[in-house]
Amino acid sequence: MSVTVAIPSYNSSRYLKDAILSVLNQTSTVDEILIVDDCSTDDSYEIAFEASNQNSNIKVFKNEINVGYSKNWNNCLRYSKSEFAILLHSDDLLKMETIEKQIEYFKENPETAIVAGQEDTIDENGQRIITKQRVDTRVYYPGEIYEFVKERGAYIPCSS
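Let us look at the structure shown here. Quantities reported herein were computed from a predicted structural model and do not represent experimental measurements.

1. What about the sheet that holds strand 2 (residues 32-37)?
Across the sheet, four strands lie side by side as 3-2-1-4; this open sheet has parallel pairing. Each of the sheet's edge strands pairs with one partner strand only, and the pair in question is strand 3 (58-62) and strand 4 (84-87). Taken pair by pair, the neighbouring strands of this sheet meet at an average axis angle of 20°, ignoring direction. Sheet analysis places strand 1 (residues 3-9) next to strand 4, joined by four bridges and oriented parallel. Looking at strand 4, one finds that Val3 is bridged to Phe84. Helix-sheet contacts for helix 1 (residues 16-24) involve strand 1, strand 2 and strand 3, and the interaxial angle to strand 1 is about 175°. Relative to strand 3, helix 2 (residues 44-54) is tilted by about 150°, and along the sheet it contacts strand 1, strand 2 and strand 3.

Listed below in C-alpha cells is the structure:
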C-alpha cells in the first residue's frame, strides 16, 4: 500500500522540522512526504526545501498566491500520487507507530474510508498537556464522511 504524508504549511518554521522528523521516524516507511507552502512570510519554505535536498522522498510545492487553509489541504491531496494520504498539520507530530497501525487497520477492514487516531495536545516544549481518551470506535464508509462532518458539526482530526 502506497502512502503519502501531506503537510500544508503556512508560517510554520517553528515546528515544521519536528513534523517532518515525526514522519521520517515512523516504523512504517512512507512513499512520499509532500509539503505545500501557502506563501509563508517566514522561512518555512526554505526549511522544507532544505529537507527535500536531504531526502528524495520529500517534495515541496509553493502556491503562487495564498489560498488559505482548506484550499491548501486540497492542494496537498491533489499532489498526492499514493493510494493513501495522511494530512498532517505542520505543528503536529505523529507517534512512531501511527502509520503502521493505520495501514494495518485498512488491510483488515478494506471497506473503511478514513482512519483517525487519538489526539494529545502538547505545549511548545513537546510536553503532553491534554490527552483525549476515547473508548468508542466509529467506522465510516465511503459516502458517509461528508454527512458526518456536516450533520454533527464534527471535524476530522489531522493525521487521518
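From this point, things continue past the structure.
2. Considering the nonpolar core
Side chains that are nonpolar tend, in soluble globular proteins, to be buried together. Core analysis: the biggest nonpolar cluster contains 23 residues, and Val5, Ile7, Ile35 and Ile99 have the highest contact counts within it. Those elements that place two or more of their residues in this core are strand 1, helix 1, strand 2, helix 2, strand 3, strand 4 and helix 4 (98-108). In terms of residues, this core owes the most to one element, helix 1, which gives four residues. Once residues lying within four places of it in the same chain are set aside, the contact partners of Ile7 are Leu16, Ile20, Ile33, Leu34, Ile35, Val36, Cys76, Leu88, His89 and Ser90. In terms of nonpolar packing, the next biggest core, distinct from the first, is built from five residues, Ala6, Leu34, Cys76 and Leu87 among them.

3. Quick word on the packing of helix 1 against helix 2
In contact at an axis separation of 10 Å, helix 1 and helix 2 are set at 30° when each is read in the N-to-C sense. Between helix 1 and helix 2, the angle is such that the two are roughly parallel. Here helix 1 runs over helix 2; the crossing is right-handed. In this structure, helix 1 uses Leu16, Lys17 and Ile20 to contact helix 2, whose residues at the interface are Ser44, Ile47, Ala48 and Ala51. Across the contact of helix 1 with helix 2, the residue classes tally to five nonpolar, one polar and one charged.

What counts and what doesn't
- Residues numbered from 1 in each chain as written.
- Predicted model: local features only at pLDDT ≥ 70, side-chain atom pairs only at ≥ 80, totals over all residues.
- Heavy atoms only, no water.
- Pairing = 2+ DSSP bridges.
- Helix = DSSP H or I, 4+ residues; strand = E, 2+ residues; numbered from the N terminus.
- Axes fitted to C-alpha atoms, helices over the stretch in contact; angles between N-to-C directions.
- Contact = heavy atoms within 4.5 Å.
- Core = buried A, V, L, I, M, F, W, Y, C linked by side-chain atoms within 4.5 Å.
- Buried < 20%, exposed > 50% of the residue type's maximum accessible area, 1.4 Å probe, protein only.
- Parallel < 35°, antiparallel > 145°, perpendicular 65-115°, else oblique.
- Left-handed = near helix turned anticlockwise from the far one by under 90°.
- Nonpolar A, V, L, I, M, F, W, Y, C, P; charged D, E, K, R; others polar.

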